[in-house]
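Inside the fold
Each chain, letter by letter, is given below.
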Amino acid sequence: MAEIIHLDEFQAARRQTRRRAATHAHLERAVAILKENLADAAAALRDAPPHGQNELLDRVEKLAAMVRYAARMLGD
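Conventions used here
Here, residues in each chain are numbered from 1, in the same order as that chain's written sequence. Only residues with pLDDT of at least 70 get local features here, since the model is predicted, and only at 80 or more are side-chain atom pairs given and counted; chain-wide, interface and lining totals rely on the full set of residues. With hydrogens and water excluded, all non-hydrogen atoms of the structure serve as input to the side-chain values. Within this document, salt bridges are pairs made up of a side-chain nitrogen of Lys or Arg and a carboxyl oxygen of Asp or Glu, the two lying within 4 Å of each other. When accessible area is computed with a 1.4 Å probe and restricted to protein chains, residues below 20% of their type maximum are described as buried, those above 50% as exposed, and intermediate ones as partly exposed. A run of DSSP states H or I qualifies as a helix once it reaches four residues; a run of E qualifies as a strand once it reaches two. Both are numbered from the N-terminal end. For every element, the axis is a line fit to its C-alpha atoms; helices are fit only across the contacting stretch, and the angle between N-to-C directions ranges from 0 to 180 degrees. Angle categories are assigned with fixed cut-offs, so that under 35 degrees is roughly parallel, over 145 is roughly antiparallel, 65 to 115 is roughly perpendicular, and the rest are oblique. Two helices crossing with the near one rotated counterclockwise from the far one by less than a right angle form a left-handed crossing, whereas a clockwise rotation gives a right-handed crossing. For this analysis, residues touch if any pair of their heavy atoms sits within 4.5 Å. Under the grouping applied here, Gly and all other residues not named as nonpolar or charged are polar, the nonpolar ones being Ala, Val, Leu, Ile, Met, Phe, Trp, Tyr, Cys and Pro and the charged ones Asp, Glu, Lys and Arg. Between the first and last residue of a helix there are one fewer steps than residues, each counted as 1.5 Å, and that sum is the expected span.

Quick notes on the pattern of salt bridges
- Per the stated rule, a full pass over the model turns up two salt bridges.
- When the shortest N-O distance is used, the salt bridge between Arg46 and Asp47 registers 3.6 Å. Accessibility classification places Arg46 together with Asp47 in one group, the exposed group.
- Here Arg59 ties to Glu55 by a salt bridge, and the two come within 3.5 Å at their closest N and O atoms. Remark: Glu55 and Arg59 occur in helix 2 (residues 53-75); sequence separation between them is four residues, near one turn of the helix.
- With relative accessibility at 40%, the residue Arg59 sits in the partly exposed group.

In structure tokens, the structure reads:
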């Protein structure tokens with residue numbers, strides 16, 4: 001007796017794996033960009049005059065939160 005193999009199930013699983021890999025790669029690139037921006041903001045903070053530090057501190061906090069969130073997404 002012959003066994004029927006449903007190729008559509010395999011193809012769907014393969015497409016889903018490809019989508020996950022692409023999403024993961026995009027997220028890794030986004031984290032790298034966020035980290036670069038965070039480093040730039042931290043460097044600017046070091047040299048900023050006192051009246052400009054609050055804005056940079058806010059930016060550093062927001063970027064750090066986004067990096068943390070994205071890192072958690074990568075861990076899942």
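Examining the packing of helix 1 (residues 7-47) against helix 2
- Two elements in contact, helix 1 and helix 2, have axes separated by 9 Å at closest approach and are oriented at 155°. With respect to helix 2, the element helix 1 is oriented roughly antiparallel. The handedness of the crossing between helix 1 and helix 2 comes out as left-handed. Packed against helix 1, whose contacting residues are His24, Leu27, Glu28, Val31, Leu34, Lys35, Asn37, Leu38, Ala41, Ala42, Ala44 and Leu45, the element helix 2 presents Gln53, Leu56, Leu57, Arg59, Val60, Leu63, Ala64, Met66, Val67, Ala70, Met73 and Leu74 at the interface.
- The residue inventory of the contact of helix 1 with helix 2, partitioned by class, reads 18 nonpolar, three polar and three charged.

What to know about helix 2
- With 23 residues, helix 2 ought to run about 33 Å at 1.5 Å a step, and its terminal C-alpha atoms sit 33 Å apart, in line with that.
- Restricting attention to buried positions, one finds in helix 2 the residues Leu56, Leu63, Val67 and Ala70.
- Buried residues in helix 2 make contact with helix 1.

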